[in-house]
Each structure stands twice: as structure tokens, then as C-alpha cells.
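Letter by letter, the chains look like this.
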Amino acid sequence: MRELRVAESAGFCFGVQRSVEMAEKLLGAGPCLSLGQLIHNEDVVRALCEKGMRVVDSPEEVRPGERVLIRAHGVAESVYETLRAAGAEVTDATCPKVKAIHTIVRRAREEGRFVIVIGMRQHPEVAAICGWCGEHAVFENRQELQEWLDSNPSFWEKPIRVVVQTTQTRGNFNECCELIKKRCTNAEISDTICLATFTRQEEAERLASDCDAMVVIGGRHSANSVHLAQICREHCEAVQFIERTDELDLQALKGAAVVGLTAGASTPAWIIKEVRNKMSDEIKDEIKVEEPAAEKEMSFDEMLEETLKPIYNGDKVKGVVVAITGTEISVDLGTKQTGVIPAEEFTEDGTKLEDAVKVGDVIEAVVVRVNDVEGVVTLSKKRLDAAKVWNDVEAAVEDGTVMEGVVTEDNKGGVVVSVKGIRVFVPASQTDLPREAPMSDLLKKTVRLKITEVNKARKRVVGSIRRVAQAERRERTEAIWNEIEVGKKYHGVVKSLTSYGAFVDIGGIDGMVHVSELSWGRIHQPSEVVSVGDEIDVYVINFDREKRKISLGYKDPEGNPWTQFTSRYAVGDIASVKVVKLMPFGAFAEVLPGVDGLIHISQIANRRIGKPEDVLTVGDVVDAKITAIDEEKHKISLSIRALSAPAPVAAPVEEKEVVEDEEPADDALVYEVSADGTATGVAPGTEE
């Protein structure tokens with residue numbers, strides 16, 4: 001074994017990490033129960049039990065007042081009812097992705113749809129999903145599904161909803177879906193495979209294809225771990241599926257030049273680290289052939305000889321600080337010479353000398369110059385630290401460690417990042433900057449990056465900021481999709497504007513605010529309200545997980561103009577209104593910004609007029625009486641005539657003409673008001 005490649009996505013997924021953190025928080029306030037094993041990892045469960053968690057197998061075991069944690073796999077709907085009836089205090093750690101499946105199948109039940117679940121029949125996640133269904137069936141693979149469909153042709157035309165266990169393989173799900181689409185004419189399919197699971201499986205497939213052997217770490221009962229091992233075996237002949245370090249067979253890896261390492265979503269980081277370290281040590285053993293012999297107790301003669309050993313430039317030595325002055329630190333090396341380190345090596349970054357080193361500290365350093373005449377050896381801790389950093393940088397290439405540094409230089413080709421004093425070049429394509437952005441935008445900024453290439457002989461190190469940024473974006477995206485719900489609020493940044501709305505980044509995902517959701521008032525372009533780069537608060541109106549679309553709202557629901565109008569005015573009130581539009585049948589007037597009312601032509605004056613513009617002009621502000629309000633359709637009728645003095649008595653002939661040609665319409669409601677407050681309508685008697 002000469003090379004070890006570790007999967008970036010190995011270890012706890014979002015849902016598992018969340019449930020473990022909730023358990024630890026709950027235990028911080030005292031003992032609690034877990035309904036079934038919290039996650040499929042015995043070491044993690046054992047550690048939680050040692051802190052006071054007790055695992056029970058059924059809700060009937062829970063006593064009144066006990067605190068119960070619902071595990072990441074979720075439980076059936078009836079279990080919640082049993083726990084509530086028992087008077088238990090419930091904390092729900094169900095993975096949000098699993099919760100989403102419960103919602104899907106519950107709606108299918110309400111719609112009368114038959115539910116098909118693709119997954120492992122005995123897995124607790126699948127059992128919980130079934131507990132939210134009506135009529136349903138579970139199938140583990142295409143063969144089972146085909147046999148059932150062949151035997152039940154009556155289901156081919158029935159309404160069906162298809163969901164899949166979050167940790168299923170993409171290949172198995174696609175095979176089943178292909179069969180369902182061919183046979184069933186009224187099937188709706190929901191792809192509920194977890195994004196983290198899909199990413200982990202894709203990465204395992206790539207690793208297995210490129211490696212001579214694979215090691216998969218995970219629980220025997222962990223579905224996602226079992227599937228990882230299955231995928232690896234499809235692309236690599238030598239695969240070890242282990243739960244912990246002591247199960248690792250290093251002998252079986254002897255003939256493999258490149259070995260890949262991945263882990264299931266329930267595997268804690270410390271187990272992955274133990275396995276990785278054990279494999280890394282084996283690599284070092286093969287390269288170095290043998291390790292130094294174990295230390296043994298030395299005799300007086302041997303210790304004397306040790307003190308007389310010559311020291312040469314470049315040697316690495318260890319000693320104890322025996323004295324500190326303003327200019328140097330004296331170190332006892334156990335030899336006839338005294339080691340001296342310049343004090344400036346400890347204070348270059350502004351640190352006080354007394355804070356950096358103390359008498360009695362054990363220090364490692366490299367020999368810079370030997371003066372046998374004076375019996376002094378000049379040492380440098382700084383050079384040794386730099387050498388250690390090189391080792392860290394070289395190791396970072398193998399294990400994918402994320403490092404941090406400050407951007408110190410820029411040029412057309414990229415930027416230079418100082419990582420613990422080592423110059424790391426990041427090509428422009430790996431900076432994660434937009435194409436048009438200048439490299440200088442990164443100057444003096446602290447960045448996180450992965451080391452991709454090291455050539456110590458040429459002092460060349462290459463890194464990538466983009467790889468880390470992409471991984472972090474994936475994590476943020478997964479977190480948002482796992483927790484998103486209608487009404488949830490986000491603080492976002494406007495990324496772009498179109499004629500129909502604004503796209504807002506809410507933390508790795510763009511959602512769209514339609515132009516009608518930007519303002520309660522009338523606007524023609526989104527740019528009238530927001531600009532690119534603006535930071536705004538938005539809320540979720542609706543979303544589509546399958547199509548990865550999110551609709552956002554920006555206008556404050558509490559600022560609804562109609563709500564403001566109804567709380568301020570009632571029928572019979574007098575309002576000062578502004579004429580905004582003239583029509584043949586009357587005039588529209590703004591009562592409040594975003595709320596218009598209609599003054600019918602018969603209600604403009606206390607005399608007969610030919611057209612509204614004979615009396616009114618757009619922009620006029622007049623007093624009008626509110627004569628009718630339609631709460632359901634958001635309609636308002638106004639009257640200026642109701643506030644005017646009665647018209648003089650007319651001649652009999654003229655009075656007869658008025659009776660024949662004009663009818664009062666005090667309470668006429670003849671127009672529509674849209675959701676944004678815009679009113680439209682037609683004159684009475686002209687409707688088709």
C-alpha cells in the first residue's frame with residue numbers, strides 16, 4: 001500500500017449530526033430515553049448511554065413525565081399519539097428529509113392514493129414511513145416490484161404515489177421507476193433520496209473505480225453503509241466492510257498500491273480518523289521498512305558518551321529551557337554545549353517573550369551553527385517549525401485537510417496564499433471568483449483551501465479555494481433543503497433582476513421574488529424596489545423539492561393595504577381620495593396607497609354629466625363618502641354626490657327626463673380589485 005485516498009463526504013450527514021447534537025443537549029439537562037437506537041452506530045449509542053440515555057424498543061415502555069427522543073429514522077404517526085397519551089415529554093430528532101417523506105405519504109393517504117415504498121423492508125426508516133401511509137406496499141428491488149405488478153394488474157390504472165428510502169442507491173430507484181412508468185398510468189414519483197447520500201455514493205463509485213482496494217466503515221445495520229459497500233464491490237474486487245479499527249485487515253491490503261477509504265452517514269469522525277491513521281502508519285512502515293528500536297534504560301557510561309556526541313549543522317535536537325534574557329533563550333541539550341535561540345524568533349508576530357516561552361519548557365529546534373570553542377550551539381525553532389509545516393502541507397494532499405491562510409499577492413494567473421509561512425499558489429480557475437472579478441478582490445482576506453500539489457524540491461505548493469467553497473455550498477444547500485418550510489424567513493442577497501422578478505441568494509440557493517411580491521403598491525420593474533447586491537429579508541411562499549425551485553415573498557404581510565383600509569374605514573365614513581384614472585363609466589380614486597375605489601359617474605355630481613372629465617381631472621384630491629365595501633372581492637364604492645347639496649328643483653318636463661334616463665346607484669359595486677390593489681371594471685349595464 002503506497003497511497004491512501006479518503007472520500008471528502010465520509011462521515012456524519014446533516015440529519016445524523018443534528019440528532020446526535022440534540023441528544024447531547026437533552027442529556028445536558030438530565031437522563032432521557034431514546035425510542036430505538038438513535039443512529040446505527042454502537043459506539044456513538046454506547047457513549048450516549050454512558051451520559052444517561054436509555055434505549056427503549058416501544059412507546060409502551062415510556063412512563064409519564066419521562067423525556068423521550070425520537071431517533072433520526074423517525075416513527076409512525078401512531079407512536080406520537082401513544083407518547084402523548086402516556087404524558088411523555090417528546091423531543092423530535094427525526095431527519096428533516098425523512099419528515100418530508102412522512103408529509104408526502106400522508107397527503108397521498110388523504111388523496112386516496114396507493115403508496116409504493118422503495119427500500120429495505122425491515123429498516124426502521126421504512127417502517128416509520130409505512131406508519132404514515134394508507135394502503136401501501138414495500139419493495140426492495142425491481143424484481144420484487146415486477147412480480148407484484150404482474151400479479152396485480154388492477155393497480156396499473158390506480159392513483160399511485162412512489163417514494164424511496166433516503167439511503168437507497170440511485171441505480172435501484174431508477175430501475176424501479178422505469179418499470180412503474182411503463183406499467184402504471186396514474187403514478188406520481190417523488191425522488192426522496194437524500195442529497196448527502198447521493199453525493200457519498202457518487203464519490204464512492206469514483207474512488208472504487210480508481211483504487212486497487214476499498215475500505216468502507218459503517219454499522220452492519222446501517223442501510224447507507226451497506227449500500228456504499230455494495231456500490232464499491234461493483235467497481236472494485238477488494239472491499240473491506242468494517243465497523244471499527246480492530247476489524248481492519250492490513251495484510252489484505254499489502255498488494256494494493258492505491259487504497260480508498262469512505263464511511264457511512266452514521267460513522268463518527270473519530271473512528272474514521274483511527275482507521276485512516278492506522279492505514280497511514282502502514283504506508284510509512286512499507287516506505288521506511290523498519291522503525292527505530294524501542295528505547296531502553298541507558299547506563300552511566302552510555303549517558304556520558306551521549307553527552308560527548310558531536311552535534312552538526314542541520315541536526316534536530318531537543319532540550320529544556322534553563323534561562324531567558326531579553327535577547328536569547330538558553331537551552332540545555334544534555335551535551336557539553338549550551339543551545340541558544342534568538343529571542344526574536346518568539347516575538348516576530350508581536351507576541352511577548354514571557355507569553356511565548358518559560359523556563360522548564362521542552363523545545364525542539366534545528367542546529368544552525370556550532371561553536372566548539374565557546375561551547376555554544378546556535379539553534380532555530382523557526383526553521384524546524386517551517387519544516388513541520390511542510391510536512392503538514394504534504395499530509396494535507398493525502399488526507400484532504402482544509403487549511404487556512406491569508407492572500408498576500410495577486411497576478412493575472414491567480415493569487416498567493418500564505419499558509420503558516422508557506423507560499424501556496426492558487427490558479428485563477430481555483431479562486432472561486434467570477435470570471436470578470438479582479439484577483440485583487442481577495443487581497444488580505446483569510447481563505448480556506450485544499451492543497452492539491454506539493455513539490456518540496458522546487459518549493460512549489462498549489463491549492464484550491466474553489467474545492468472548499470463548493471463543498472461548503474453543498475452543505476449549506478443540503479441544510480436549507482432539509483429545513484425549508486413555508487413561511488420560514490431568510491436574510492438574503494439580491495443576485496439578479498429580470499422583468500418579472502428578483503433572484504435572491506438565501507445561503508447557497510437562489511429563490512425568486514415575483515414582481516407582484518416586491519411591493520403592495522403598483523410597480524413596473526423590480527428595480528423600483530431593490531437593486532443587485534441589496535441585503536433583504538424574505539420569507540418562503542412555496543417550494544418544489546423535486547424541481548429545486550423556491551418562491552419567496554418580500555412585502556410585509558402586515559403591511560397589506562386592504563387590511564390597513566378595513567381597520568381604518570367603514571361604510572359611511574368620509575375619506576380624502578386622489579383621482580388616479582378616468583373611465584367612461586366613472587373615476588377610480590386612491591383611498592390609501594394600493595387601495596382604489598370607484599366613483600360611479602352617477603355619484604360624481606348632483607347633476608347629470610356627460611363624462612367624468614367634465615368635472616374631475618387625474619390628480620384631483622376630493623372628499624368622498626364610502627357607500628359600500630365588499631370584503632370578499634376587495635371592492636369599494638365611493639360617492640362625491642352624497643356630500644353635495646341637493647340639486648335645485650327642476651321643471652316637470654326635465655324631471656320626467658331624469659326619471660327616465662338616470663337611475664341612482666349609491667351602492668353599486670361594478671369593478672374588480674386585483675391582489676396588488678389595482679382596480680378595473682366596466683360600466684353597469686354594459687357587461688356581456
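Parameters at a glance
- In every chain, residue numbers begin from 1 and rise along the written sequence.
- This being a predicted model, a pLDDT of at least 70 is required before a residue's local features are given, and a value of 80 or more before pairs of side-chain atoms are given or counted; all residues contribute to the totals for chains, interfaces and linings.
- The side-chain values count all of the structure's non-hydrogen atoms but skip hydrogen atoms and water molecules.
- For every residue, the accessible area (1.4 Å probe, protein chains only) is compared with the maximum for its type, and the residue is labelled buried under 20%, exposed over 50%, or partly exposed between those bounds.
- Working definition: helices are DSSP H or I runs of at least four residues, strands are E runs of at least two. Numbering for both runs from the N terminus.
- Criterion used throughout: strands pair if DSSP finds at least two bridges between them.
- The predictor attaches a confidence to each residue, called pLDDT, with possible values from 0 through 100.
- In this description, contact between two residues means that some pair of their heavy atoms is separated by no more than 4.5 Å.
- The angle between two axes is taken between their N-to-C directions and runs from 0 to 180 degrees, where each axis is a line fitted to C-alpha atoms and a helix contributes only its stretch in contact.
- Reported orientations rely on four angle classes, namely roughly parallel under 35 degrees, roughly antiparallel over 145, roughly perpendicular from 65 to 115, and oblique for the rest.
- Crossing handedness is read from the near helix: turned anticlockwise from the far helix by less than a right angle, it gives a left-handed crossing, and turned clockwise, a right-handed one.
- Under this grouping Gly is polar, as are all residues other than the nonpolar Ala, Val, Leu, Ile, Met, Phe, Trp, Tyr, Cys and Pro and the charged Asp, Glu, Lys and Arg.

**A word on the pairing of strand E12 (residues 258-263)**
Along a regular strand, successive side chains alternate from one face of the sheet to the other.
Phase 1: Burial of E12 is extensive: 6 of the 6 residues sit out of reach of the surface.
Phase 2: Residues Val-258, Gly-260 and Thr-262 of E12 are buried on one face, and the alternating residues Val-259, Leu-261 and Ala-263, pointing to the opposite face, are buried as well.
Phase 3: Where strand E1 (residues 3-6) meets E12, 4 bridges bridge the pair, whose relative direction is parallel. Bridge pairing in E12 links Glu-3 to Val-258.
Phase 4: Of the pairings in the sheet, the one linking strand E10 (residues 213-217) to E12 comprises 5 bridges and is parallel in character. Looking at the pairing, Val-215 lines up with Leu-261 of E12.

**Some remarks on the confidence of the model for the protein chain**
A low pLDDT means the predicted coordinates there should not be read in detail.
Phase 1: For the protein chain, the mean per-residue pLDDT works out to 82, and 88% of the residues sit at or above 70.
Phase 2: Confidence drops under a pLDDT of 50 for residues 287-308, and excluding neighbours within four residues, the segment shows 10 contacts in the predicted structure.
Phase 3: Under a pLDDT of 50 for its full length, residues 682-688 has, in the predicted model, 7 contacts with residues more than four places off or in other chains.

**Let's talk about the packing of helix H6 (residues 142-151) against helix H7 (residues 170-183)**
Any two packed helices are characterised by how steeply their axes cross, that is the angle between the axes, and by the distance between the axes.
Phase 1: At a minimum axis distance of 9 Å, the contact between H6 and H7 shows a crossing angle of 20°. By the angle between their directions, the pair H6 and H7 is classed as roughly parallel. Considering how the two elements wind past one another, H6 and H7 form a crossing that is right-handed. Judged by residue contacts, Arg-142, Leu-145, Gln-146, Leu-149 and Asp-150 of H6 engage Asn-172, Glu-175, Cys-176, Leu-179, Ile-180 and Arg-183 from H7.
Phase 2: Looking at the contact of H6 with H7 residue by residue, the classes come out as 5 nonpolar, 2 polar and 4 charged.

**Focus: the packing of helix H8 (residues 195-210) against helix H9 (residues 223-235)**
Phase 1: Remark: H8 packs on H9, axes separated minimally by 8 Å, with the N-to-C direction vectors making an angle of 30°. If you check the angle between H8 and H9, you find them roughly parallel. The handedness of the crossing between H8 and H9 comes out as right-handed. Facing H8, whose interface residues are Arg-200, Gln-201, Ala-204, Glu-205, Ala-208 and Ser-209, H9 presents His-227, Leu-228, Ile-231, Cys-232 and His-235.

**Observations regarding unusual backbone geometry**
Phase 1: In this model, Asp-432 sits at a positive phi of 75°, which is unusual for a non-glycine residue.
Phase 2: Locating Asp-432 in the fold gives a position in the loop between strand E20 (422-427) and strand E21 (446-455).
Phase 3: Phi at His-634 takes a positive value of approximately 55°, unusual for a residue other than glycine.
Phase 4: Checked against the element boundaries, His-634 lands in the loop between strand E31 (621-630) and strand E32 (635-639).

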